[in-house]
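# Topology and contacts: notes
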Amino acid sequence: MADRTIETAVAELLRRERDREDGGKVTERWPDLDLGTAYRIQDAVLDRKVRDGETVVGVKLGLTSRAKQRRMGVDVPLTGWLTDAMTMAPGELAPVGRLIHPRAEPEIAFIMGERLSGPGVTAERAMRAVASVHAAFEVIDSRFRDFDFTLPDVVADNASSSRFVISARAVPPDGLDLAAEECRLDVDGRTVDTATGAAVLGHPANALALAANELAGRGKAIEPGWIVLTGGLTDAHPLRAGGTLCAEFASLGALSLTGTT
Ligand code: 0L1
Ligand code: MG
């Protein structure tokens, strides 16, 4: 990054995504980058994408599990944007050949039935706004070398967002115990991880409420019809061309994701 302006950071992050190139942290050149400015960089990247024709389809939470926070060395959850260009249909091959160093993680996703606007949103209020619950995979692809970042870096980089897929099967939220929802993750037919929904801030509804309250600070709300990815239940695993990840959820069903060149 050549200097300390939002415009320079935005241009560099967009260039790396386009050119499939990772690089050093924003904070190497801008050590006192604060969280508010990092979110302004994130919003400005989104504005550029929207100007270029992309549409916002939802929001994502990142670093909502303690295990992942410990591994990435960042102990605060964050939010980012989802656009139509990141969306994959179930069964669609993930274009890993067009990405930098993709990793994938199973998540619980919501489709919103009502607008959810903070501040002061509780987990109970958040769940009442949910229309349906889905199994999901997120493909993350940090624009920083070796996924090495601080909190302001990963916020500026839209929480490493790249692609995502949610199951076609829509499960009504009533009657689900999402804290106890079990998930088994297989990579190329071998079980590598298991978790429950409690891994996501104790309950995925806590992540949804957190997103609504964080967005309120940016003058925004979660809109009806939007998708919310609540955060990885397990560690993220490398996604390779020809490799397949399969997440088997107890109530939400199974979802698989295969990479291609
Ligand atoms: O969705 C996520 O949890 C990713 C947040 C950013 C951290 C990472 O790149 O692992
Ligand atoms: Mg994620």
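In this text, all values refer to a predicted model and were calculated from it rather than measured experimentally. (Residues numbered from 1 in each chain as written. Chains lettered and ligands numbered in written order. Predicted model: local features only at pLDDT ≥ 70, side-chain atom pairs only at ≥ 80, totals over all residues. Heavy atoms only, no water.)

This part is about the overall build of the protein. Across its full length, the protein carries seven helices and 13 strands. Taking 18 Å as the expected radius of gyration for a compact globule of 261 residues, we find that the protein reaches 17 Å, a close match to that expectation. In terms of its C-alpha atoms, the protein occupies a principal-axis envelope of roughly 50 × 45 × 35 Å. The buried share of the protein, reckoned over its 261 residues, is 56%. (Helix = DSSP H or I, 4+ residues; strand = E, 2+ residues; numbered from the N terminus. Rg over C-alpha atoms; globule rule 2.2 N^0.38 Å. Buried < 20%, exposed > 50% of the residue type's maximum accessible area, 1.4 Å probe, protein only.)

With that settled, the discussion passes to unusual backbone geometry. Put simply, G118 and P119 share a cis peptide bond, and its omega is 5°. Looking at the element boundaries, P119 is found in the loop between β5 (103-112) and α5 (123-128). Residue F147 is not a glycine yet carries a positive backbone phi of 55°. By the secondary structure assignment, F147 is in the loop between β6 (130-140) and α6 (151-156).

Read across the open sheet, the five strands follow the order β4-β13-β12-β8-β9; overall the sheet is mixed. Looking along the sheet, the strands with just one partner apiece sit at the ends: β4 (94-95) and β9 (190-196). The pairing of strand β12 (residues 244-249) with strand β13 (residues 253-260) spans six bridges and is classified as antiparallel. From the neighbouring strand, F249 faces β13, where its bridge partner is G253. (Pairing = 2+ DSSP bridges.)

Here the focus is the coordination of the magnesium ion (ligand 2). Those protein atoms acting as donors to the magnesium ion (ligand 2) are E105 (OE), E107 (OE) and E138 (OE), and they sit at 2.0 Å. According to the relative accessible area criterion, E105 is buried, its value standing at 2%. (Donors = N, O, S within 2.8 Å, 3.2 Å for Na, K, Ca; no water.)

This part is about the pairing of β12. Alternating residues of β12 divide into L245, A247 and F249, all buried, and T244, C246 and E248, none buried. The turn joining β12 and β13, which pair antiparallel and follow one another in sequence, is formed by three residues.

So, on to the site of ligand 1. Ligand 1 sits among 14 residues. The nearest are K60, K68, E105, E138 and S160. Between ligand 1 and the protein, one listed contact pairs an oxygen atom with a side-chain N or O atom of E138 at 2.9 Å. Between ligand 1 and the protein, one listed contact pairs an oxygen atom with a side-chain N or O atom of S160 at 2.6 Å. Taking 300 Å² as the accessible area of ligand 1 by itself, protein coverage stands at 100%. Elements with a minimum of two residues in the shell around ligand 1: β1 (56-62), α4 (66-72) and β6. Broken down by element, the shell around ligand 1 gets its largest block of residues, three residues, from β1. Classifying every residue of the shell around ligand 1 gives eight nonpolar, two polar and four charged. (Near = heavy atom within 4 Å. Polar contact = N/O pair within 3.5 Å; in protein donor to acceptor, adjacent residues only side chain to side chain. Areas by Shrake-Rupley, 256 points an atom, 1.4 Å probe, with all protein chains shown as cover. Nonpolar A, V, L, I, M, F, W, Y, C, P; charged D, E, K, R; others polar.)

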